[in-house]
Amino acid sequence: MKKWIFGGTIPASIPADVAITTLRVIIGSCMAYLHGLSKVPPSEGFVGFVAELGFPMPQFFAWCAGFAELICGILLALGFATRTSAAFILFTMCVAIFLAKSGEPLAEREMAILYAAALLPFVVSGSGRYAIDRLIK
């Protein structure tokens, strides 16, 4: 379990290390600051939206979405528990793509799709060399 949470393959070159670190920091920081910060604490409107999606206990799931975007975004940027953090955010993005924005045109789902695509490599491969995960491993 520890290897899955903190492990991962390490890119073979310095340019690849810098690229994966840059992507991880940007994705995590943008997710936390631009999306998660506005959802913690969740507004009544957001809780109502979560209820409209059909989730039981909408207050709880609104908090979960906010924490996934804020806390896991910060952890992703730091490279700590990267796979787990990316998985939680990826799940939240899938909810956005397939439930929250399901009836909207592709252009309206684009941001969630791009976040999901950028998160998938971190779920599969981990943080890369320049991360707290690497120090723990």
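Residues numbered from 1 in each chain as written. Predicted model: local features only at pLDDT ≥ 70, side-chain atom pairs only at ≥ 80, totals over all residues. Heavy atoms only, no water.

(A) Local environment of the overall build of the protein chain. Within the protein chain, the regular secondary structure consists of seven helices and zero strands. Taken over the C-alpha trace, the protein chain has a radius of gyration of 15 Å; the compact-globule value for 137 residues is 14 Å, and the two agree within 12%. Along the three orthogonal principal directions, the C-alpha set of the protein chain runs to about 45 × 30 × 25 Å. Among the 137 residues that make up the protein chain, the fraction classed as buried is 39%. The contacts in the protein chain between residues at least 6 apart in sequence include a share of 73% that link residues at least 24 apart. Here the protein chain has roughly 7500 Å² of accessible surface; of this, 74% comes from carbon and sulfur atoms. (Helix = DSSP H or I, 4+ residues; strand = E, 2+ residues; numbered from the N terminus. Rg over C-alpha atoms; globule rule 2.2 N^0.38 Å. Buried < 20%, exposed > 50% of the residue type's maximum accessible area, 1.4 Å probe, protein only. Contact = heavy atoms within 4.5 Å. Areas by Shrake-Rupley, 256 points an atom, 1.4 Å probe, with all protein chains shown as cover.)

(B) Spotlight on a nonpolar patch on the surface. A grouping of Phe 67, Ile 71, Ile 74, Leu 78 and Ile 132 is seen on the molecular surface, where their side chains present a nonpolar patch of about 400 Å² in accessible area. The biggest single contributor to the nonpolar patch is helix H4 (residues 58–78), with four residues. (Patch = residues over 30% accessible without salt bridge, like charges linked within 9 Å, V, L, I, M, F, W, Y side chains within 5 Å. Salt bridge = Lys/Arg side-chain N within 4 Å of Asp/Glu carboxyl O.)

(C) The packing of helix H3 (residues 44–52) against H4, seen in detail. Where H3 meets H4, the axes come as close as 8 Å, and the angle between the chain directions of the two elements is 110 degrees. As the angle between them shows, H3 and H4 are arranged roughly perpendicular. When H3 is examined against H4, the residues Phe 46, Val 47, Val 50 and Ala 51 are found in contact with a partner set consisting of Pro 58, Gln 59, Phe 61, Ala 62 and Ala 65. For the contact of H3 with H4, the per-class residue count stands at eight nonpolar, one polar and no charged. (Axes fitted to C-alpha atoms, helices over the stretch in contact; angles between N-to-C directions. Parallel < 35°, antiparallel > 145°, perpendicular 65-115°, else oblique. Nonpolar A, V, L, I, M, F, W, Y, C, P; charged D, E, K, R; others polar.)

(D) Representation of the packing of H4 against helix H5 (residues 82–100). Between H4 and H5, the shortest axis-to-axis distance is 9 Å and the interhelical angle comes to 145 degrees. H5 is crossed by H4, and the crossing has left-handed handedness. Facing H4, whose interface residues are Ala 65, Ala 68, Glu 69, Cys 72, Gly 73, Leu 75 and Leu 76, H5 presents Thr 82, Ser 85, Ala 86, Phe 88, Ile 89, Thr 92 and Met 93. Its residues assigned to classes, the contact of H4 with H5 comprises nine nonpolar, four polar and one charged. (Left-handed = near helix turned anticlockwise from the far one by under 90°.)

(E) Quick peek at the nonpolar core. If you look at the biggest cluster of nonpolar residues, it comprises 17 residues, and the most contacted ones within it are Ile 27, Leu 76, Ala 86, Ile 89, Met 93 and Leu 119. Contributing elements (two or more residues each) for this core: helix H2 (14–36), H4, H5 and helix H6 (106–125). Here this core takes seven residues from H6, the largest share from any one element. If sequence neighbours within four positions are ignored, Ile 27 has contacts with Leu 76, Tyr 115, Ala 118 and Leu 119. Counting residues in each nonpolar core, the second largest holds five residues, with Phe 46, Val 50, Ala 62 and Ala 65 among its members. (Core = buried A, V, L, I, M, F, W, Y, C linked by side-chain atoms within 4.5 Å.)

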